[in-house]
Structure formats: structure tokens, C-alpha cells
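What follows is the residue order along each chain.
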Amino acid sequence: SPGVNATLKRGTFNRDSDLDAAIISHEYGHGLSNRLTGGPANVGCLQNAEQMGEGWSDWMTLFLHADAADIATTRRPVAPYLVFESSVTGTGIRRYPYTTDMLVNPFTYADVADAINPQPHGIGSIWATMVWDMYWKLVDRYGFDPDLYQGTGGNNLAFQLVLDGMKLQPCSPGFVDGRNAILAADAANYEGDNSCDI
């Protein structure tokens, strides 16, 4: 039988995001944050300027892909596979990789006002950076437990606080609302034992 002729063109392109587990977990994260924020009958609560939906989803990706060998300063880019980057040296699809090392990711709350960090993804990545810092404070205090279902490590505690915080935050929350909701979750669940870490 005759052969098939094909032409390969070189160019700039991204890989199919359906093959990147970070993208899949990020998108599922939207399902959680959209349904938990502002009550279960209200799925349109994360549309405001300082909305945290993209940040929650990035953070859930970080949480689900964390490894026992990671430390607080480990570089964690989101979706480096998608843009042909290394998970060790790349930045992925965000401005900075996630880490507590401020020489690598210098985001602070003040960066919300900088137009170089537009909504929703730029603003969200600032929020994810903040929650990732909280995650590491809790992991440093309570350790890391690879059991995501029944575990009792700081990673498990952080996830529970974040989910319960979503349930307690109002519709159209800003960063202060999100932080206060996590503090309220800690007060309800753990008598405020983790308020300093939060």
C-alpha cells in the first residue's frame, strides 16, 4: 500500500491542557470554590475585582500535587508541562512559581494594586501565594501526611481550613474576607489554635 505523506511545521504552541493534571485539578477547584462561596445555591460569588477563585484553584493544584519530599522553598510552578518548561526551573502559566522564598516569588498583598497583575489570574496568584504560605506554616508545625483522606498532618489541616473558610466567607469576598473566614473556621474547628499561623 502507498505511504502517507505528512508535513511537520515548527512553531510556537502549547500542549493539550487535558494532558496536564495541574490543569484538571485547577478546574475542579473552581467547582469547589464556586459552590462553597456564598452558599450552595449561589454559584456566581467569585466575580468581583479581588475575587480569589483562580487563587483557590491554583492552591488546590499545589495541595494535590504536594510531595513528602517538598519543603517550603520548593519551587512549584502551575502547569509547566503545558508550556514545555521544567517543573524544577520553570514558572508555568503564572508570573512566578509558588514558594515561600520571596526572592523567587515576591508577591505581597500590595501587589493586588499593580496593574501588571490583572484579574482574575494575576490577582488569584497573589491569593494562592498567601494561602501557600499558610499551608507551609501548618506543615512545619504538624508535619506532612501523604494520606489525603484520613491524614492528620498540617497539609490536611490546611485543606480543611480552606474548605471550611469558603463555606463561611460572604458572596464577593476579598482577601481580608477570605482570611477572616479561614480564621473563623479555625476558631470553630480548633478553638483558634492556628490563628497565628493563619
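Right above here is the structure, for reference.
First, a word on scope: everything that follows refers to the structure included in this document. Remember, predicted model here, so these are calculated numbers, not experimental data.

How each quantity is defined
Throughout, residues of each chain are indexed from 1 in the direction in which the sequence is written. This being a predicted model, a pLDDT of at least 70 is required before a residue's local features are given, and a value of 80 or more before pairs of side-chain atoms are given or counted; all residues contribute to the totals for chains, interfaces and linings. Side-chain measures here rest on the full set of heavy atoms in the structure, leaving out hydrogens and waters. To qualify as a helix, a DSSP run of H or I must reach at least 4 residues; to qualify as a strand, a run of E must reach at least 2; elements of each kind are numbered from the N terminus. Partly exposed residues are those whose accessible area sits between 20% and 50% of the maximum for their type, while under 20% is buried and over 50% is exposed, using a 1.4 Å probe and protein chains only. In protein, a polar contact means a hydrogen-donor-capable atom and an acceptor-capable atom, both N or O and within 3.5 Å, with residues adjacent in sequence counting only if both atoms are side-chain atoms; elsewhere, any N or O pair within 3.5 Å suffices. Whether two residues are in contact is decided by their heavy atoms, any of which lying within 4.5 Å being enough. For cavity detection a 1 Å grid was placed over the protein atoms alone, and a set of points counts as a cavity when a 1.4 Å probe fits there but cannot get out; an open set counts as a pocket when protein lies on both sides within 12 Å along at least five of seven lines, with lining residues being those that have an atom within 4 Å of a point. Grid points are joined across faces, edges and corners, and a volume is the space filled by probe spheres set on the points. Ten residue types, Ala, Val, Leu, Ile, Met, Phe, Trp, Tyr, Cys and Pro, are classed as nonpolar, four, Asp, Glu, Lys and Arg, as charged, and the remainder, Gly among them, as polar. Axes here mean lines fitted to C-alpha atoms, for a helix over just the part in contact, with angles spanning 0 to 180 degrees between N-to-C directions. Under this scheme an angle from 65 to 115 degrees is roughly perpendicular, one under 35 degrees roughly parallel, and one over 145 degrees roughly antiparallel; angles in between are oblique. Note on convention: near helix rotated counterclockwise from far helix by under a right angle means a left-handed crossing. Clockwise means right-handed. One speaks of a salt bridge when a side-chain nitrogen belonging to Lys or Arg is within 4 Å of a carboxyl oxygen belonging to Asp or Glu. For Phe, Tyr and Trp, rings pair up if their centres lie within 6.5 Å, where Trp contributes its six-membered ring, and each pair is then called stacked (planes under 30 degrees apart), edge-to-face (over 60) or tilted (otherwise).

### Here's the deal with the side chain of Asn117
Its location among the elements puts Asn117 in the loop between α2 (53–65) and α3 (121–142). Here Asn117 falls in the buried class, since its relative accessible area comes to 3%. Engagement of the side chain of Asn117 in a polar contact is seen with the side chain of Arg95, the distance being 2.7 Å. The residues contacting Asn117, other than those within four sequence positions of it, are Arg95, Phe107, Asp111, Gly122, Ile123 and Ile126.

### Considerations on the layout of surface pockets
Looking at the largest pocket, its volume works out to about 320 Å³. Top contributing element to the lining of the largest pocket by residue count: α3, with 7 residues. Split by residue class, the lining of the largest pocket holds 11 nonpolar, 5 polar and 5 charged.

### Structural notes on the packing of α3 against helix α5 (residues 175–190)
Direction vectors running N to C along α3 and α5 enclose 25 degrees, while the axes themselves pass 11 Å from each other. Taken together, α3 and α5 sit at an angle that is classed as roughly parallel. Helix-helix and strand crossings are classified by hand; for α3 and α5 the assignment is right-handed. On α5, the residues that touch Ile123, Ile126, Trp127, Met130 and Met134 of α3 are Phe175, Gly178, Arg179 and Ile182. Split by residue class, the contact of α3 with α5 holds 7 nonpolar, 1 polar and 1 charged.

### Comments concerning the pattern of salt bridges
This structure, assessed with the given rule, holds 5 salt bridges. Arg76 serves as the salt-bridge partner of Asp70, at 2.7 Å between the closest nitrogen and oxygen. Considered together, Asp70 and Arg76 belong to a single accessibility category, that of buried residues. Overlapping salt bridges, with partners in common, bring together Glu54, Asp58 and Arg94 in one network.

### A few points about the packing of aromatic side chains
Enumeration according to the criterion identifies 12 aromatic pairs in this entry. Judged by centre distance (6.3 Å) and plane angle (75 degrees), the rings of Trp59 and Tyr135 are edge-to-face. Of this pair, Trp59 sits in helix α2 while Tyr135 sits in helix α3; the two residues are 76 residues apart in sequence, bridging distant segments of the chain. Both residues of the pair, Trp59 and Tyr135, count as buried. Their ring planes at 50 degrees and their centres at 5.0 Å tell us that Trp127 and Phe175 sit as a pair that is tilted. Pair noted here: Trp127 is in helix α3 and Phe175 is in helix α5, with a separation of 48 residues, a long-range link. The two residues Trp127 and Phe175 agree in class, both being buried.

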